[in-house]
Amino acid sequence: MKRVAMANNNRSNLLQACLVGATACLLSYSIHHNHNPSLNRSKDDILHAISGAIGSALSITVLYPLETVRTRLQVDTTTLSSSLLSTQSSSTFVLVYNIGKKEGVAKGLYKGWFSLVVALMALNFVYFYFFHA
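Residues numbered from 1 in each chain as written. Predicted model: local features only at pLDDT ≥ 70, side-chain atom pairs only at ≥ 80, totals over all residues. Heavy atoms only, no water.

**A few points about the overall build of the protein chain**
So, step 1. For the protein chain, the count of helices and strands is six helices and zero strands.
So, step 2. When its helices and strands are written in sequence order, the protein chain yields α-α-α-α-α-α.
So, step 3. In the protein chain, buried positions account for 20% of the 133 residues.
So, step 4. Considering only contacts within the protein chain whose residues lie at least 6 apart along the sequence, 69% involve residues at least 24 apart.
So, step 5. In the structure as shown, the protein chain presents an accessible area of about 9700 Å², 66% of it carried by carbon and sulfur atoms. (Helix = DSSP H or I, 4+ residues; strand = E, 2+ residues; numbered from the N terminus. Buried < 20%, exposed > 50% of the residue type's maximum accessible area, 1.4 Å probe, protein only. Contact = heavy atoms within 4.5 Å. Areas by Shrake-Rupley, 256 points an atom, 1.4 Å probe, with all protein chains shown as cover.)

Pasting the structure below:
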């Protein structure tokens with residue numbers, strides 16, 4: 001129970017830090033560019049940045065179960081081989097199905113997804129914003 005509370009606290013701290021950082025960047029940007037009208041960004045730059053952030057969130061959401069299976073196969077082969085892997089289930093999709101059925105979709109396949117999505121969205125937003133500037 002303590003572990004769940006600590007994980008929720010870590011998520012809220014991470015989200016809070018991201019929001020504070022984003023707010024500071026936006027304030028700095030608006031102050032700097034309001035005094036320098038020649039440096040104003042176009043709407044296209046913001047659209048590229050938002051598109052990059054949303055695209056990264058969608059791609060990691062779709063592919064995260066495969067990442068979970070890959071990580072489990074590399075790290076904990078003894079547990080997986082006895083409970084989820086059998087000689088008949090060598091397909092990746094069968095492994096995804098077995099993990100989802102045994103542990104649940106949210107707890108089994110998407111554990112750790114939130115922090116990765118937040119990090120990738122922030123990274124890709126900044127990358128595409130300055131790449132197209």
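**Structural notes on the packing of aromatic side chains**
So, step 1. Within the structure shown, the criterion is met by six aromatic pairs.
So, step 2. Ring geometry for Y110 versus W113: centroids 6.4 Å apart, planes at 90°, classification edge-to-face.
So, step 3. Exposure remark for Y110: the relative accessible area of 24% places this residue in the partly exposed category.
So, step 4. Overall, W113 belongs to the partly exposed group, its relative accessible area being 27%.
So, step 5. Pairing F125 with Y129 gives two aromatic rings, centres 6.3 Å apart and planes at 5°, and the pair type is stacked. With F125 and Y129 both in helix α6 (residues 113-131) and four residues apart, this pair spans about one turn of that helix.
So, step 6. Taken together, the ring pairs in this structure connect Y64, Y110 and W113 into an aromatic cluster. (Phe/Tyr/Trp six-rings, centres within 6.5 Å; stacked < 30°, edge-to-face > 60°.)

**Details of the pattern of salt bridges**
So, step 1. The final tally for this structure, using the stated rule, is two salt bridges.
So, step 2. A salt bridge links R70 to E67; the nearest nitrogen and oxygen atoms lie 2.3 Å apart. Of this pair, R70 and E67 both sit in helix α2 (residues 43-75), three residues apart, roughly one helical turn.
So, step 3. Residue R70 is classed as partly exposed on the basis of its relative accessible area, which comes to 39%. (Salt bridge = Lys/Arg side-chain N within 4 Å of Asp/Glu carboxyl O.)

**Thoughts on the packing of α2 against α6**
So, step 1. Relative to each other, α2 and α6 sit at 150°, their axes nearing to 8 Å. By the angle between their directions, the pair α2 and α6 is classed as roughly antiparallel. The hand of the α2/α6 crossing is right-handed. In this structure, α2 uses D45, I46, H48, A49, I50, G52, A53, S56, A57, I60, T61 and Y64 to contact α6, whose residues at the interface are W113, L116, V117, L120, M121, N124, F125, F128 and Y129. (Axes fitted to C-alpha atoms, helices over the stretch in contact; angles between N-to-C directions. Parallel < 35°, antiparallel > 145°, perpendicular 65-115°, else oblique. Left-handed = near helix turned anticlockwise from the far one by under 90°.)

**Observations concerning a nonpolar patch on the surface**
So, step 1. A surface patch of nonpolar side chains, amounting to about 610 Å² of accessible area, comprises I46, I50, I54, L58, F125, V126 and F130.
So, step 2. Counting residues per element, the nonpolar patch draws most heavily on α2, which supplies four residues.
So, step 3. Along the chain, the position of I46 falls in helix α2.
So, step 4. A residue is classified by how much of its surface remains accessible, and I46, at 34% relative accessible area, is partly exposed. (Patch = residues over 30% accessible without salt bridge, like charges linked within 9 Å, V, L, I, M, F, W, Y side chains within 5 Å.)

**Here's the deal with the nonpolar core**
So, step 1. In this structure, V69, L95, V96, I99 and L109 together form the largest nonpolar core, which totals five residues.
So, step 2. The dominant element in this core, judged by the number of residues it contributes, is helix α4 (residues 92-103), at three residues.
So, step 3. When sequence neighbours within four positions are dropped, the list of residues in contact with V69 reads T92, L95, V96 and I99. (Core = buried A, V, L, I, M, F, W, Y, C linked by side-chain atoms within 4.5 Å.)

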